[in-house]
Amino acid sequence: ADRLLEWAEVYGNLYGTPEEPIEENRANGIDTLLAIEIQGARNIRSRYPEAITIFVQPPSLEVLEHRLRQRGEDSEEVIRKRLALARSELEWRKEYDYTIVNDELDRAAGDLKAIITAERCRIRPGSDGLSV
């Protein structure tokens, strides 16, 4: 019904972001965090060029593989696919505004908070030449 802001198929599953709550938040000046993959982030950025993008990456592919195996949720084939996709996704980091290495939860969360604070404090020129 064309009510999704973005959608993608990842590992055989369909994911999407409904447009209405995002637009409501924008209208009310509320920050919105989306946990989406590269395809979705590109779609968001094309629609909202002012969107701030953050690439969250594992400390290494070896650590990612260990985490995937430790979860015990995926087959060997799925793990191989996820690792191959992760390798290719790492090449897209340069398209993002920030990168957070997800090595330790408290530190990664602190990095995210710091980015949000910095972006809220950033001066942006308004259409009348004043900062808004």
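Note: the structure precedes this text.
The shown structure was predicted, so the numbers you read here are calculated from the model rather than taken from an experiment.

Definitions and cut-offs
- Residues numbered from 1 in each chain as written.
- Predicted model: local features only at pLDDT ≥ 70, side-chain atom pairs only at ≥ 80, totals over all residues.
- Heavy atoms only, no water.
- Helix = DSSP H or I, 4+ residues; strand = E, 2+ residues; numbered from the N terminus.
- Buried < 20%, exposed > 50% of the residue type's maximum accessible area, 1.4 Å probe, protein only.
- Contact = heavy atoms within 4.5 Å.
- Areas by Shrake-Rupley, 256 points an atom, 1.4 Å probe, with all protein chains shown as cover.
- Lys, Arg positive; Asp, Glu negative; His and termini not counted.
- Charge placed at Lys NZ, Arg CZ, Asp CG, Glu CD.
- Arc of directions from axis to C-beta.
- Polar contact = N/O pair within 3.5 Å; in protein donor to acceptor, adjacent residues only side chain to side chain.
- Salt bridge = Lys/Arg side-chain N within 4 Å of Asp/Glu carboxyl O.
- Patch = residues over 30% accessible without salt bridge, like charges linked within 9 Å, V, L, I, M, F, W, Y side chains within 5 Å.
- Phe/Tyr/Trp six-rings, centres within 6.5 Å; stacked < 30°, edge-to-face > 60°.
- Lys NZ or Arg CZ within 6 Å of the ring centre and 35° of its normal.

**Student:** How do you make sense of the overall build of the protein chain when you look at a structure like this?
**Tutor:** Across its full length, the protein chain holds five helices and four strands. Seen in sequence order, the protein chain has helices and strands lined up from the N terminus as β-β-α-α-β-α-α-β-α. Its C-alpha atoms put the protein chain at 55 × 40 × 25 Å along the principal axes. The 132 residues of the protein chain split such that 23% are buried. Considering only residue pairs separated by 6 or more positions, the protein chain has 53% of its internal contacts joining residues 24 or more positions apart. Of the roughly 9600 Å² of accessible surface on the protein chain, a fraction of 52% belongs to carbon and sulfur atoms. For the protein chain, the distance from the average site of its 19 positive side-chain charges to the average site of its 26 negative ones is 3 Å.

**Student:** Please clarify how helix H2 (residues 38-47) should be interpreted in this entry.
**Tutor:** Listed as buried for H2 are Ile38, Gly40, Ala41 and Ile44. In a view along the axis of H2, the buried residues occupy a sector of 160°, so they form one face of it. Against strand E1 (4-10), strand E3 (54-57) and helix H4 (76-90) lie the buried residues of H2. Capping the start of H2, glutamate 37 holds a side-chain oxygen 2.7 Å from the backbone nitrogen of glutamine 39, two or three residues further along.

**Student:** Got a minute to help me understand the side chain of glutamate 37 in this structure?
**Tutor:** Structurally, the position occupied by glutamate 37 is in the loop between helix H1 (19-27) and H2. Notably, glutamate 37 is buried but unbridged: the nearest opposite-charge side chain belongs to arginine 42, and the N-O separation is 8.9 Å. If sequence neighbours within four positions are ignored, glutamate 37 has contacts with Glu6, Ala8, Val10, Glu89 and Tyr96.

**Student:** Help me out: how do you make sense of a nonpolar patch on the surface in this one?
**Tutor:** A cluster of nonpolar side chains, contributed by Leu4, Trp7 and Leu14, occupies part of the molecular surface with about 350 Å² of accessible area. The exposed category is assigned to tryptophan 7, whose relative accessible area is 51%.

**Student:** Would you explain the packing of aromatic side chains in this entry?
**Tutor:** Inspection of the entire model under this criterion finds one aromatic pair. Taking the centre distance of 5.2 Å and the plane angle of 80° together, the rings of phenylalanine 55 and tyrosine 96 count as edge-to-face. On the criterion of sequence distance, the pair formed by phenylalanine 55 in strand E3 and tyrosine 96 in the loop between H4 and strand E4 (98-101) is long-range, its members being 41 residues apart. The same class applies to phenylalanine 55 and to tyrosine 96, which are both buried. Across the ring face of tryptophan 92, the terminal group of lysine 94 is positioned such that the distance to the ring centre comes to 6.0 Å.

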